[in-house]
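Each chain is listed here by its residues.
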Amino acid sequence: MKKILVRAASGSVYVALIVAALLLHTPYMFYGLLVLFTVLGIIELHHLVDNNDTTRRHKLLVAILDCFGGVSLFSTAFFFLVDNEITVAFFLGFFAYLVARIVAQIYITGENALQSFAHSCLTQAYVALPLTLLNVIYAFSPGLLLAIFIMIWLNDTGAFCVGSMIGRRRLFERISPKKSWEGFWGGMAFSVIAGILLYLFGDGIFGVFDDSPWRWVALGIVVPVFATWGDLAESLLKRTVHVKDSGHLIPGHGGILDRIDSLLLVSPAVVIFLFITALF
């Protein structure tokens, strides 16, 4: 019971921070929260990598550089959208990161240089870039971004509830033995229903699809598909390094990557979805 209460309390804080950042229409709260996610996600990914690479004597330097690169990438997109003059500074900062990371590797000895570069590229491609793309969705509508979070959360809830009750056929046993096809379809049903309800009762709050219920239904399908792939992708990383959780930051939930794993594939998928729907 104590674990359930701790999990519920920490999960509530996580949800409350996101809801507040999006509903209060305070861009800098959104910025600070997502920068924090970026830094913590990159640090956790470095920790996972280090489990298989214990010879990295300069891991702190590399982690700092990668965090700087991720924050510069996210900040470039954010300040471009709010029309701030310091956009160029962050843009140049990201290129400075690329140069500094390559030069730093020249002086790092005792490790596989190609593998080290690959790890740094992974932090930018897997964590920083997907979180950066949330700025595009935020520019469309903060309410739409909140709707996507709601769909992800309800997909997780529906998948767990339906999978626990009637789950029989394994979805991807090699990576995640507990996931079932029944849970997957249950999560999608929750997500689609959420999209319909947001269309009916959102009253213009939740985004740019107020004239099209079918776009909400389509979004309710896109989100659980890519959320599931995002969850499986992180599970694959953890299985590769033989750990249960990406970290211990959030009591009862694991690390920040365990909380945003679905989001890391949902964000680029939704950005593509938005641009495709804008054409029709």
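Residues numbered from 1 in each chain as written. Predicted model: local features only at pLDDT ≥ 70, side-chain atom pairs only at ≥ 80, totals over all residues. Heavy atoms only, no water.

In this section: the overall build of the chain. Helix and strand counts for the chain come out as ten helices and two strands. The linear arrangement of helices and strands in the chain, starting from the amino end, is α-α-α-α-α-α-β-β-α-α-α-α. Rg of the C-alpha trace for the chain: 19 Å, near the compact-globule value of 19 Å for 280 residues, within the 12% margin. Dimensions of the chain along its principal axes, counting C-alpha atoms only, are 60 × 50 × 35 Å. (Helix = DSSP H or I, 4+ residues; strand = E, 2+ residues; numbered from the N terminus. Rg over C-alpha atoms; globule rule 2.2 N^0.38 Å.)

Approximately 1,600 Å³ is the volume found for the largest pocket. Every residue lining the largest pocket is counted, 41 residues in all, and those nearest its centre are Arg7, Phe160, Lys178, Lys179 and Asp231. With ten residues, helix α6 (residues 142-166) is the largest single contributor of residues to the lining of the largest pocket. (1 Å grid on protein atoms, 1.4 Å probe; cavity = no way out; pocket = protein on both sides within 12 Å on 5 of 7 lines; lining within 4 Å. Points joined across faces, edges and corners; volume = space filled by probe spheres on them.)

The first and last C-alpha atoms of α6 sit 36 Å apart over 25 residues, in line with the 36 Å expected at 1.5 Å per residue. Two to three positions downstream of the cap, the backbone nitrogen of Gly143 sits 3.1 Å from a side-chain oxygen, assigning the N-cap of α6 to Ser141. (Expected span 1.5 Å × (residues − 1). Polar contact = N/O pair within 3.5 Å; in protein donor to acceptor, adjacent residues only side chain to side chain.)

A ring pair, where both rings are aromatic, is described by two values, the distance of the centres and the angle of the planes. Applying the stated criterion across every chain, the model contains 20 aromatic pairs. When the centroid spacing of 5.8 Å and the interplanar angle of 40 degrees are considered together, the rings of Phe94 and Tyr97 count as tilted. Of the two residues, Phe94 and Tyr97 both sit in helix α4 (residues 87-107), three residues apart, roughly one turn of that helix. Both residues of the pair, Phe94 and Tyr97, count as buried. Their ring planes at 25 degrees and their centres at 6.4 Å tell us that Trp181 and Trp185 sit as a pair that is stacked. Of this pair, Trp181 and Trp185 both sit in helix α7 (residues 181-201), four residues apart, which is roughly one turn of the helix. (Phe/Tyr/Trp six-rings, centres within 6.5 Å; stacked < 30°, edge-to-face > 60°. Buried < 20%, exposed > 50% of the residue type's maximum accessible area, 1.4 Å probe, protein only.)

Inspection of the entire model under this criterion finds four salt bridges. Residues Glu234 and Lys238 are paired through a salt bridge, measuring 3.6 Å at the closest nitrogen-oxygen approach. Highlighted residues: Glu234 and Lys238, both in helix α8 (residues 213-241), separated by four residues, approximately one helical turn. For the pair Glu234 and Lys238, one class covers both residues: buried. Across the pair Lys238 and Asp258 runs a salt bridge whose closest N-O atoms are separated by 2.9 Å. Highlighted residues: Lys238 in helix α8 and Asp258 in helix α9 (residues 256-260), separated in sequence by 20 residues. The burial state of Lys238 is the same as that of Asp258; both residues are buried. Counted as one network, the salt bridges with shared partners bring together Glu234, Lys238 and Asp258. (Salt bridge = Lys/Arg side-chain N within 4 Å of Asp/Glu carboxyl O.)

A full pass over the atoms with the stated rule returns two cavities of 30 Å³ or more. Of the pockets and cavities examined, the largest cavity occupies roughly 50 Å³. What lines the largest cavity is Ile18, Ala21, Leu22, Phe30, Leu33, Leu34, Phe37, Leu134, Leu145 and Phe149. Listed by contribution, the elements that provide at least two residues to the lining of the largest cavity are α1 (2-23), α2 (27-50) and α6. In terms of residue count, α2 provides more of the lining of the largest cavity than any other element does, four residues in total. Of the residues in the lining of the largest cavity, the class split is ten nonpolar, no polar and no charged. In this structure, the second largest cavity encloses a volume near 40 Å³. Elements supplying a minimum of two residues to the lining of the second largest cavity: α6 and α9. The greatest single-element share of the lining of the second largest cavity, amounting to three residues, is contributed by α6. (Nonpolar A, V, L, I, M, F, W, Y, C, P; charged D, E, K, R; others polar.)

Look at His242: it is not a glycine, yet its phi comes out positive at around 60 degrees. Taking the relative accessible area as the measure of exposure, His242 reaches 71% and is therefore exposed.

Here we take up the nonpolar core. In terms of nonpolar packing, the biggest core is built from 52 residues, with Phe30, Phe37, Leu131, Ile137, Ile148, Leu219 and Ile260 touching the most fellow members. Looking at this core, the elements that each hand over two or more residues are α1, α2, α3 (59-81), α5 (113-140), α6, α8, α9 and α10 (263-278). Contact partners of Ile137, with chain neighbours within four places excluded, come to Leu144, Leu145, Ile148, Ser267, Val270, Val271 and Leu274. The next biggest cluster of nonpolar side chains, apart from the first, holds six residues, and it includes Leu65, Phe94, Tyr97 and Ala104. (Core = buried A, V, L, I, M, F, W, Y, C linked by side-chain atoms within 4.5 Å. Contact = heavy atoms within 4.5 Å.)

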